[in-house]
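Summary of structural features
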Amino acid sequence: MRVYFLSCKPAALKLNGLYVGTIDGFERSLELDPADRVLAEVVPGENLQPVNFFIDEKFFAAPPDFADVYLMEGDALIYLRVYGNKEPDIKVIMQTRFCGNLVTVFSQGSVYLSVEGAQYTLTPIYRGFADCRAEQVEIGGLPALILRGDGCAIILSESGKIIFSNRAESVSAGEKLKVRVAFETCTAAYAECEYAYDGEKLTLVCGRTEETRPPEKSIMHFAFFESVLCRGDCRKYLHADIAGRAKEISGYLGNFVGVTVPTEKFYLKHGDIPAAGLVYPKSANLYEVKYFGVTYKEDKIDNIYPVI
């Protein structure tokens, strides 16, 4: 099995106690056998906590909280998503009172949201809230609290319940809640959504996805799959022969949550075909990558098929 390693922070990788190199946002790979039960140690910089784990069948079936695992045609990718901070002290980042709730964002290794009111909740949140500010607003005349972080937002209802938590370029309140979300796609797409609010939950009432630059011909198939994922206008990538079935494509591809570039091993096996890996969730922190290819007719996609 070829195992690929990625890390959210530059880190040293040790296997069975031997230093094998550094890992970061560019994938590195090694041939490993899960039956050997190799001990992996990952030591990041920035005074962050190291992590360690055995690379075995149990790890690939139920990854720990700090790692995401992607299964790919007999191979696997391990993404070290988060490292704890060695600083043990509690640091209050933001605290405010809202509709009888005491709302606190604090750090202690990771970043947490605490809400004390009629009930008490403690929620781990995205590290972008390490710099957080709060704004009390009204959505459709009903009170809500917006917590803004670095490119992300959380919205609390009057009862202190989280009703929105996502990456967001901008969030604005009025008669409706308006959110703009940028996607990391080859067309630099973004979505603008509007939500109605009834005091307990948000309901999407309208939304649109726009692509801000056209893709190069060589990566058009990636742009197509990303367009399906982001609920954009995938019809423009399709040949007239199948454009009328554009609405069926999402159901055909299923509930995928990401689009990836196939591995070198994929191209050695299948040749240099226009294909992409679609990421499907299996369980917590565990994903399966399935490959789909396309064929072209008159520079438009006229067929979509699974590559097996």
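Report on the accompanying structure.

**Observations regarding the nonpolar core**
Ranked by internal contacts, the top residues of the largest apolar core, which has 24 residues, are Phe5, Val42, Phe53, Ile55, Phe60, Ile78 and Leu80. When residues of this core are traced back to their parent elements, those giving at least two are strand S1 (2–7), strand S2 (11–15), strand S5 (38–44), strand S6 (51–55), helix H1 (57–61), strand S7 (67–72) and strand S8 (75–80). Setting aside residues up to four positions removed in sequence, Phe53 forms contacts with Val38, Leu39, Ala40, Val42, Phe59, Phe66, Ile78 and Leu80.

**Structural notes on the environment of Cys132**
Within the element layout of this structure, Cys132 appears in the loop between strand S12 (120–125) and strand S13 (133–139). Cys132 sits in the buried class, given a relative accessible area of 10%. Along the sequence, Cys132 and Thr203 sit 71 residues apart, while their C-alpha atoms lie 25 Å from each other.

**Comments concerning the sheet that holds strand S11 (residues 110–116)**
In spatial order, the strands read S9-S10-S11-S12; together these 4 strands make up an open sheet with antiparallel pairing. Pairing within the sheet leaves two strands with one partner each, and these edge strands are strand S9 (91–98) and S12. In this sheet, adjacent strand axes meet at a mean angle of 15° when their direction is disregarded. As defined by bridge partners, S9 adjoins strand S10 (residues 101–108) across 7 bridges and the pair is classed as antiparallel. Paired with Val92 across the strands is Phe106, a residue of S10.

**Comments concerning the layout of surface pockets**
The calculated volume of the second largest pocket comes to roughly 170 Å³. Broken down by secondary-structure element, the contributors of at least two residues to the lining of the second largest pocket are helix H4 (246–253) and strand S24 (300–306). The class makeup of the residues in the lining of the second largest pocket is 4 nonpolar, 1 polar and 3 charged.

**Focus on the sheet that holds strand S18 (residues 177–182)**
Read across the sheet, 4 strands follow the order S17-S18-S19-S20 without closing on themselves; strand pairing throughout is antiparallel. Edge positions in the sheet fall to strand S17 (170–173) and strand S20 (202–210), since each has one partner strand and no second. Mean inter-strand twist for the sheet, computed between neighbouring axes without regard to direction, equals 15°. Across 6 bridges, S18 lies against strand S19 (residues 190–197) in antiparallel orientation. The partner of Arg180 across the bridge, within S19, is Glu192.

**Looking at a nonpolar patch on the surface**
A surface patch of nonpolar side chains, amounting to about 250 Å² of accessible area, comprises Leu18, Val20 and Leu30. Mapped onto the secondary structure, Leu18 falls in strand S3 (residues 18–23).

**With respect to the environment of Ala276**
On the secondary structure map, Ala276 appears in strand S22 (residues 275–283). Overall, Ala276 belongs to the buried group, its relative accessible area being 0%. Each C-alpha atom, one on Ala276 and one on Gly84, is 33 Å from the other, the two residues being 192 residues apart in sequence. Non-local contacts of Ala276, meaning those with residues more than four positions away in its chain, are made with His221, Phe222, Phe225, Val259, Thr260, Pro262, Lys290, Tyr291 and Phe292.

**Here's the deal with H4**
Turning to H4, its buried residues number three or more, namely Ala246, Ile249 and Leu253. The buried residues of H4 occupy one face: seen down the axis, they fall within an arc of 20°. Exposed side of H4, more than 90 degrees from the buried face: Lys247 and Gly251 are the residues found there. Where the residues of H4 are buried, they touch helix H2 (220–229), helix H3 (240–243), S22, strand S23 (286–297) and S24. Gly254, located one to two residues past H4, shows a positive phi value of around 90°.

**Observations concerning the state of the cysteines**
Under the criterion given, the structure shown has 0 disulfides. For Cys152, which is in no disulfide, the shortest distance to another cysteine sulfur is to Cys132 and amounts to 8.1 Å. The exposure class of Cys152 is buried, given its relative accessible area of 5%.

**Some points on empty space enclosed by the protein**
A complete count under the given rule lists 1 cavity of 30 Å³ or more for this structure. Taken as a whole, the largest cavity encloses approximately 30 Å³ of empty space. The wall of the largest cavity is formed by Thr185, Thr187, Ala189, Thr209, Glu211, Glu226, Ser227, Cys230 and Gly232. Its residues placed into classes, the lining of the largest cavity shows 2 nonpolar, 5 polar and 2 charged.

**Overview of H2**
Taken across its 10 residues, H2 has 9 buried, putting it largely inside the fold. Turning to H2, its buried residues number three or more, namely Met220, His221, Phe222, Ala223, Phe224, Phe225, Glu226, Ser227 and Val228. The inward-facing, buried residues of H2 abut H4, strand S21 (258–260), S22, S23 and S24. Looking one or two places after H2, you find Arg231, whose phi comes out positive at around 60°.

Parameters at a glance
Residues numbered from 1 in each chain as written. Predicted model: local features only at pLDDT ≥ 70, side-chain atom pairs only at ≥ 80, totals over all residues. Heavy atoms only, no water. Core = buried A, V, L, I, M, F, W, Y, C linked by side-chain atoms within 4.5 Å. Buried < 20%, exposed > 50% of the residue type's maximum accessible area, 1.4 Å probe, protein only. Helix = DSSP H or I, 4+ residues; strand = E, 2+ residues; numbered from the N terminus. Contact = heavy atoms within 4.5 Å. Pairing = 2+ DSSP bridges. Axes fitted to C-alpha atoms, helices over the stretch in contact; angles between N-to-C directions. 1 Å grid on protein atoms, 1.4 Å probe; cavity = no way out; pocket = protein on both sides within 12 Å on 5 of 7 lines; lining within 4 Å. Points joined across faces, edges and corners; volume = space filled by probe spheres on them. Nonpolar A, V, L, I, M, F, W, Y, C, P; charged D, E, K, R; others polar. Patch = residues over 30% accessible without salt bridge, like charges linked within 9 Å, V, L, I, M, F, W, Y side chains within 5 Å. Areas by Shrake-Rupley, 256 points an atom, 1.4 Å probe, with all protein chains shown as cover. Salt bridge = Lys/Arg side-chain N within 4 Å of Asp/Glu carboxyl O. Arc of directions from axis to C-beta. Disulfide = S-S within 2.5 Å.

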